[in-house]
Amino acid sequence: MRTDTGQIVNLADYRPTDFVLERVDLTFELDPTNTKVDARLIFHRREGVDLKAPLVLDGDELKLSGLLFDQREVPASQYDATPELLTIRDLPAEAPFEITVTTFINPEANTQLMGLYRTNGIYCTQCEAEGFRRITYFPDRPDVLAPYTITIIGDKAANPVMLSNGNFLGGAGYDEGRAFAAWFDPHPKPSYLFALVAGDLGLIEDTFETMSGREVALKIYVEHGKEARAAYAMDALKRSMKWDEERFGREYDLNIFQIVAVSDFNMGAMENKGLNVFNDKYVLADPETATDQDYANIEAIIAHEYFHNWTGNRITCRDWFQLCLKEGLTVYRDHEFSADERSRPVKRIAEVRHLKSEQFPEDAGPLAHPVRPTIYREINNFYTTTVYEKGSEVTRMIATLLGQDGFKKGMDLYFERHDGDAATVEDFVKCFEDSSGRDLSQFSRWYHQAGTPLVTVSTAYDAAAATFTLTLEQTIPATPGQATKEPMHIPLSFALILDNGSIAEPASVSGGEVTGDVLHLTERSQTFVFSGISSRPVLSLNRSFSAPINLSFDQATEDLVHIARHDTDLFSRWQALTDLAVPNLIQAARDAREGKPVTADKAFVAALLEAAADTKLEPAFRAQALALPSEADIARELGGNNDPDAIHAGRQAVLALIAEAGRDTFLSLAEEMRVEGTFTPDAASAGKRSLRNAALGYLAIVENAPARGAEAFAKADNMTDLSQALTLLAHRFPASAEAKDALETFAKRFADNPLVIDKWFLIQATIPGEDALARVKALMEDEKFNASNPNRVRSLVGAFAFANATGFNRADGEGYRFLAAQILAIDPKNPQLAARILTSMRSWRSLESVRADHARAALMEIERAPQLSTDVRDIVERMLKA
C-alpha cells in the first residue's frame, strides 16, 4: 500500500512521453503466490527528445527480477530500480529497441484488488486507473497506446480457462501439468484496458451478426452452477450491440466479445477491450434472486461497458483529467439506451433523483471539482458522480443545443477524426463546433467550473399588452479552488401552459436566443418577453431537466398543481409534485425539531393522490410520484444546521398524513397492481410491482401493524416483492416477531447466495433509529459477514454510512467514530474501498453544531493515523480543508 502523501498532478504540466511504445508482448506464468511476468516492450525515442533523456517506467510495490536490452542483460550502472520507478539510461537516439522486464508478483496476497489478484481460485486483473504498474514496470498512462500479444501459462487443471484481450490465437499443452493460451489485440490500447482472467469457470455462449454481416462469438463466464443466471446479461449485451449500430452506427470490431463475472471486485465493471470484467452482481439474475432494479442495473451496466468499445477504447483519454470524455459520454449513451428500452420519462426521473442525491451534494461540498478537473493527487478519487453523472448531463446539453441530428453529426465526426486517438475534451467539443458551425466556448465552462448553478426566476403577465415577461438570473457558488465564476450557457427547455392545458405559441420572443422550446441563458441576468399570449400562462421551466441546475422559483401552489395535471412533459409533472412536497417536508422537519404538530398542505396531498390514481399515467411514473423526496433531499434543501432525527420524524409524519388521506386509493392499487403469471422483468410489469409495493408501504403506515407486510412476504414469488416486504417489516416494525421471523427465513433460504445475503445485510444496516449502530456491530460478528469482500462491506458498513441518516448521524457521534475505526481497518487492505466509503461524510459541515463537531473529530482521528493510503489521505484532507 502506498502511504506517501501523493504526487500532485496538474493538467497544465502535461507533455507526451519521451519514448513511443510500438508493441507489447506479455508472458504470464501463473502461480498463486509467485507469478512470473515477462514484459517485452519495443520503443523508439520521440523526435526532438533530448538524447540524454532516460526511459522512465512506473511501478507500484514491484521488485525487478530481470532486465534485458535487445535480449542482452542491462548493466546495473545503466538503470535504477525502486518499487515505484524503473529508470533506464543510455538508450538509442532513433532506432527502435527492445526492453524485457521480468517481475514476480503475488496475486494471492493482493487484497487491494488492483493489478493481478487471485480470489476464490480465479486470477483476475483490474488495471484502471493505475493498476497495470502493479504487474510490471511500464509507461502506465492512457496516452501510451500499443497492440498487445499475451501468452498465459498455467496449471491446466486449475485454469482450464485462460483469457485476455483481443482475438484468440490458440492454445495447447505446455509442459507437464501446464497449458498455454495466446491472445492478440490488434487495436492499440492503453495499459489500463489490459485484462487477464484464468481459472475454472462456467460458460454460456451465443453469437451476434453485425450490420456488415460478420459473426461475433459472445461468451459470458461465471462460477459453475450460475450459468442460467447469466441469460439476461447475454440478452442485454445483444440488444446493446444492435442499439449502438442503429443509434450511433458503431459496429463491433473483434471476432469475440467476452464477459467474466467475479465476486471480489472494487468497481461495478471494467470495459477492458474485448474482455469485460464485471462485479457478478451486475451479471447474475433470476426472478428468485434479483429485483426489478437488479435487472435494470444489469441492462444498463452491460450496455455501458459495451458502449465503451468506441467511447473509451477505440477513442481513449489523453490523460486522466479527460476521464469525463469516456465516462460522462458513455453514461449518456447508456442512459439513452435504457430510455429507449424502457420508459423515457421514468428513466429520466430516476437519473435526476440520483444526480440530485449524489452529485449535487458533491458539488456543494469540500470534494467539489469540475467535470474536467485540473489537479489531482489520487486519480482513483476522481471516479465520481461529477465525472460520470454531471459529465453525462453536459453531453446531454450538447444534444439539446444542437438537436439530435446535429448531435449525431458531431459524434460521427468525432469517431472519424479521433478513432485510434487519445483525445481531450477540447477535441470532443471541436467536433461539434466544426459540424454545426456553433461557437461552444462559453458552453465549455460546464467542463471547467465546479458547482451547481442557481437560476432565480421571476415572471409577470401584462393582459393589456398580451405579453409574458420572464427574468432569469444565474449565480454559480464558490467551490474549492474556484472563488469566482463566469456565466454559463444554460439551455432551459420551457412551456407556457394555458388554462385549458394547451401550450401557448408566442408570436415573438425578445431578450435572448430561443430555439424551439429552449431558452438560452448566457448572461448573468436576462429578461425574455413573449408576445401574443392571450391569457396568463403557467411557466414550466427546465423541462426534462434540460440543465443540471437548482431553480429558485416561488411558484404558486395552484400553478404547480396545474403543471402536475397538464404538462405534456411527464418529467415536469413529476417535478411539480416534488416542488409541492419539498416545502411541506421542510416545514415538517422544522416543526418536528421544535416539538410542534406536523401538517401537510391539502392541495399537495390531493395532487399527489390524484396522480397516484390516474390510470392514464403508467404505473412506474405513479410509483415515482409517491416516493417522496428522501431525507437526504430534504437535508440538501434545508442547506445547513441539519438535525437528521427531526428530518426523519417530519418526513414520517407527512407520509402518515398522505397514507390516512389516501387509504382507499392505496387499497385499490394494492389489488389492481397485482402481476399475475410467470415473472418477467419488463418495464411494464416492473412498474406495476413498484406501484403496488408503494401502496403496501402506505397501508402499513396507516394500519400501523405488520400483518400486511408479513402476508406480502409469505406470498411473494419473486425477489422484488420479497425484499420489499422484508424491508417494510424490518424498517417499520423492527421489534415485531413478524420482522424477526422474516429476516431469519430470508437468511436461511438464501444462505448459499452471496448477492442475496448482501441484500439481507443492507436491509438491516438501513433500519433507522438509535439501535442501528448496535445492530451493525452485531452483524459484523455474523459468520456471513466477510470483511474481505467489497460487496459485503458496502452492503453493511457502506449502507449504514450512506443510507441510514438517523443511525449513522447519532447526536453522540458514535456513528462517526465507528466509521473512522472501519476506515482505518479497511485502508491497509483495500484503499479504494476505504476512500469511497469515507466520502459518506462529505456533507458533514451541513449538520447542526454538535454533530458537526463529532464528525470533525472523527475525520481528524483518521487524518492523524500514521500509515494512511494516498487514497484516504487525499479524501480526508480535502474534507477537512474546505
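Residues numbered from 1 in each chain as written. Predicted model: local features only at pLDDT ≥ 70, side-chain atom pairs only at ≥ 80, totals over all residues. Heavy atoms only, no water.

So, the sheet that holds strand β14 (residues 167–175)
So, step 1. One open sheet accounts for 8 strands, arranged β6-β5-β9-β3-β2-β12-β15-β14; its pairing is mixed. A single partner strand is all that each edge strand has here, and the edge strands are β6 (72–73) and β14.
So, step 2. Judged from the 9 bridges that link them, strand β12 (residues 146–155) and strand β15 (residues 178–189) form a sheet pairing that is antiparallel. Paired with Thr149 across the strands is Phe184, a residue of β15. (Pairing = 2+ DSSP bridges. Helix = DSSP H or I, 4+ residues; strand = E, 2+ residues; numbered from the N terminus.)

Comments concerning helix α10 (residues 602–613)
An α-helix turns once per 3.6 residues; consequently, residues spaced three or four apart project the same way.
So, step 1. Over its 12 residues, α10 runs 16 Å from end to end, which matches the ideal 16 Å to within 8%, given 1.5 Å per residue.
So, step 2. Residues of α10 that are buried include every one of Phe604, Val605, Ala607, Leu608, Leu609, Ala611 and Ala612, and no others.
So, step 3. Close packing links the buried residues of α10 with α8 (557–566), α9 (570–593), α11 (619–626), α13 (644–661) and α14 (663–672).
So, step 4. At the N-terminal boundary of α10, the capping side chain belongs to Asp601, with an oxygen 3.2 Å from the backbone nitrogen of Ala603. (Expected span 1.5 Å × (residues − 1). Buried < 20%, exposed > 50% of the residue type's maximum accessible area, 1.4 Å probe, protein only. Contact = heavy atoms within 4.5 Å. Polar contact = N/O pair within 3.5 Å; in protein donor to acceptor, adjacent residues only side chain to side chain.)

A word on the nonpolar core
So, step 1. In this structure, Phe28, Phe194, Val283, Tyr414 and Leu472 are the most contacted members of the largest nonpolar core, which totals 159 residues.
So, step 2. Filtering out sequence-adjacent residues up to four positions away, Val283 remains in contact with Ile220, Val222, Arg229, Ala230, Ala233, Ile259, Ala261, Phe278 and Ile298.
So, step 3. One finds Ile349, Leu722, Ala801 and Ala858 within the second-largest nonpolar core, a separate group that totals 119 residues. (Core = buried A, V, L, I, M, F, W, Y, C linked by side-chain atoms within 4.5 Å.)

So, the packing of aromatic side chains
So, step 1. Inspection of every chain in the model, using the stated rule, returns 41 aromatic pairs.
So, step 2. Seen from their ring centres, Phe761 and Phe785 are 6.0 Å apart, and the 65° between their planes marks the pair as edge-to-face. In this pair, Phe761 sits in helix α19 (residues 754–765) while Phe785 sits in the loop between α20 (772–780) and α21 (790–803), placing the two residues 24 residues apart along the sequence.
So, step 3. Relative accessible area serves as the criterion here: at 0%, Phe761 is assigned to the buried category.
So, step 4. An aromatic cluster is built from Trp243, Phe248, Tyr252, Phe257, Tyr306, Phe307 and Phe337, whose rings are joined through pairwise contacts.
So, step 5. Lying over the aromatic face of Trp310, Arg250 brings its terminal NZ or CZ to 4.6 Å of the ring centre.
So, step 6. Lying over the aromatic face of Tyr14, Arg318 brings its terminal NZ or CZ to 3.7 Å of the ring centre. (Phe/Tyr/Trp six-rings, centres within 6.5 Å; stacked < 30°, edge-to-face > 60°. Lys NZ or Arg CZ within 6 Å of the ring centre and 35° of its normal.)

Observations concerning the packing of α20 against helix α23 (residues 814–826)
So, step 1. Where α20 contacts α23, the two axes come as close as 11 Å, and the packing angle between them is 25°. Judged by the inter-axis angle, α20 sits roughly parallel to α23. In this structure, α20 uses Leu773, Val776, Lys777 and Met780 to contact α23, whose residues at the interface are Glu814, Gly815, Phe818 and Gln822.
So, step 2. Its residues assigned to classes, the contact of α20 with α23 shows 4 nonpolar, 2 polar and 2 charged. (Axes fitted to C-alpha atoms, helices over the stretch in contact; angles between N-to-C directions. Parallel < 35°, antiparallel > 145°, perpendicular 65-115°, else oblique. Nonpolar A, V, L, I, M, F, W, Y, C, P; charged D, E, K, R; others polar.)

Describing the sheet that holds strand β27 (residues 490–497)
So, step 1. Across the sheet, 4 strands lie side by side as β29-β30-β27-β32; this open sheet has antiparallel pairing. Edge positions in the open sheet fall to β29 (514–515) and β32 (538–541), since each of these has one partner strand only.
So, step 2. Two strands pair when backbone bridges link them, and β27 and strand β30 (residues 518–521) are joined in this way by 4 bridges, in the antiparallel orientation. Following the sheet pairing, Pro491 is matched in β30 by His520.
So, step 3. The sheet contacts of α8 involve β27 and β32, and relative to β32 the element is tilted by about 65°.

Interpretation in functional terms is not warranted from these geometric data alone.
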